[in-house]
Amino acid sequence: MGRRKNAIFPALHRILVELGENIRLARLRRRFSASVVAERAGISRNTLRSIEHGNPSVTFAAYANVLFSLGLEKDLRLIARDDELGRKLQDAGLPTKARAPRRVNRQSNIKKKTSYE
């Protein structure tokens, strides 16, 4: 049985494509071949190609390794750094739940029939 494919929002797909293009341009500006970057990142050239095309099925670690091999690891620290919405909620003093609400399992709510009923 194959892996379940997660749906991706179109806006997120556009962001990943832009990120892949930025990584590709950074590689070309440094005049690194795809083989060199892939070897330094510990991935295959096909995985690097997928990253440069913004493929969402590539692991985050592979993206991070490529950024590190290009000397762009400081950019990773900028991810979610300025959480404007979170800061506004914090400043407003609105209560936020520490955990997500517990999911109800429908199967446990259905009374099980026994053979002697």
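In this text the structure is predicted, and so the values were computed from the model without any measurement.

A. Examining the pattern of salt bridges more closely. The full count for this structure, using the stated rule, is three salt bridges. As a salt-bridge pair, Arg-27 and Glu-52 come within 2.7 Å of each other at their nearest N and O atoms. Of this pair, Arg-27 sits in helix H1 (residues 10–29) while Glu-52 sits in helix H3 (residues 45–52), placing them 25 residues apart in sequence. Assessed through its relative accessible area of 10%, Arg-27 is described here as buried. Glu-52 gets classed as buried once you look at its relative accessible area, which sits at 11%. For the salt bridge of Asp-82 with Arg-87, the shortest nitrogen-to-oxygen distance reads 3.8 Å. Take Arg-87: its relative accessible area is 47%, and that puts it in the partly exposed class.

B. Looking closely at unusual backbone geometry. Positive phi values are uncommon outside glycine, yet Arg-31 reaches one of about 60 degrees. Within the secondary structure layout, Arg-31 lies in the loop between H1 and helix H2 (34–41). The phi dihedral of Ala-80 is positive, around 55 degrees, even though this residue is not glycine. Considering the arrangement of structural elements, one finds Ala-80 in the loop between helix H4 (60–69) and helix H5 (84–92). For Ala-80, a relative accessible area of 70% gives the class exposed.

C. Spatial organisation of the nonpolar core. Core analysis: the largest hydrophobic core is formed by 16 residues, its most contacted members being Ile-23, Ile-43, Leu-48, Ile-51, Tyr-63, Val-66 and Leu-70. Contributing elements (two or more residues each) for this core: H1, H2, H3 and H4. Among the elements that line this core, the one with the most residues is H4, at four residues. If we ignore the near neighbours within four places in the chain, the residues touching Tyr-63 are Leu-16, Leu-19, Ile-23, Ser-50, Ile-51, Gly-54, Asn-55 and Val-58.

D. Region of interest: H5. Little of H5 sits out of view: just zero of its nine residues are buried. Just downstream of H5 lies Gly-93, where phi reads positive at about 75 degrees.

E. Seen up close, the packing of H3 against H4. Following both chains from N to C, one finds H3 and H4 inclined at 90 degrees, their axes separated by 11 Å at the closest point. The orientation of H3 relative to H4 falls into the category roughly perpendicular. In this structure, H3 uses Thr-47, Leu-48, Ser-50 and Ile-51 to contact H4, whose residues at the interface are Ala-62, Tyr-63 and Val-66. Looking at the contact of H3 with H4 residue by residue, the class counts come to five nonpolar, two polar and no charged.

F. Main features of the packing of aromatic side chains. One pass over the full model with this rule turns up zero aromatic pairs. The side chain of Arg-40 reaches across the aromatic face of Phe-32, ending 4.7 Å from its centre.

Parameters and conventions
The residue count restarts for each chain, going from 1 along the sequence in the order it is written. Only residues with pLDDT of at least 70 get local features here, since the model is predicted, and only at 80 or more are side-chain atom pairs given and counted; chain-wide, interface and lining totals rely on the full set of residues. For side-chain calculations, the full set of non-hydrogen atoms in the structure is used, while hydrogens and water are omitted. What counts as a salt bridge is simple: a side-chain nitrogen of Lys or Arg found within 4 Å of a carboxyl oxygen of Asp or Glu. Numbering of helices and strands runs from the N terminus; a helix is a DSSP stretch of H or I covering at least four residues, while a strand is a stretch of E covering at least two. Each residue gets one of three labels from its accessible area relative to the maximum for its type: buried under 20%, exposed over 50%, partly exposed in between, using a 1.4 Å probe on protein chains only. Grouping buried Ala, Val, Leu, Ile, Met, Phe, Trp, Tyr and Cys residues that are joined through side-chain atoms within 4.5 Å yields what is termed a nonpolar core. Any two residues whose heavy atoms approach within 4.5 Å at even a single point are treated as in contact. Geometry is summarised by axes, namely lines fitted to C-alpha atoms with helices restricted to the contacting stretch, and by angles between N-to-C directions that run from 0 to 180 degrees. By the definition adopted for this analysis, an angle is roughly parallel if under 35 degrees, roughly antiparallel if over 145, roughly perpendicular if from 65 to 115, and oblique otherwise. Residue polarity is assigned by list, with Asp, Glu, Lys and Arg as charged and Ala, Val, Leu, Ile, Met, Phe, Trp, Tyr, Cys and Pro as nonpolar; anything else, Gly included, falls into the polar class. Centres within 6.5 Å are what make two rings of Phe, Tyr or Trp a pair, Trp counting through its six-membered ring; a difference in plane orientation under 30 degrees is then read as stacked, over 60 as edge-to-face, and the rest as tilted. Put simply, a charge is over a ring when the Lys NZ or the Arg CZ is close to the ring centre, within 6 Å, and near the line of the ring normal, within 35 degrees.

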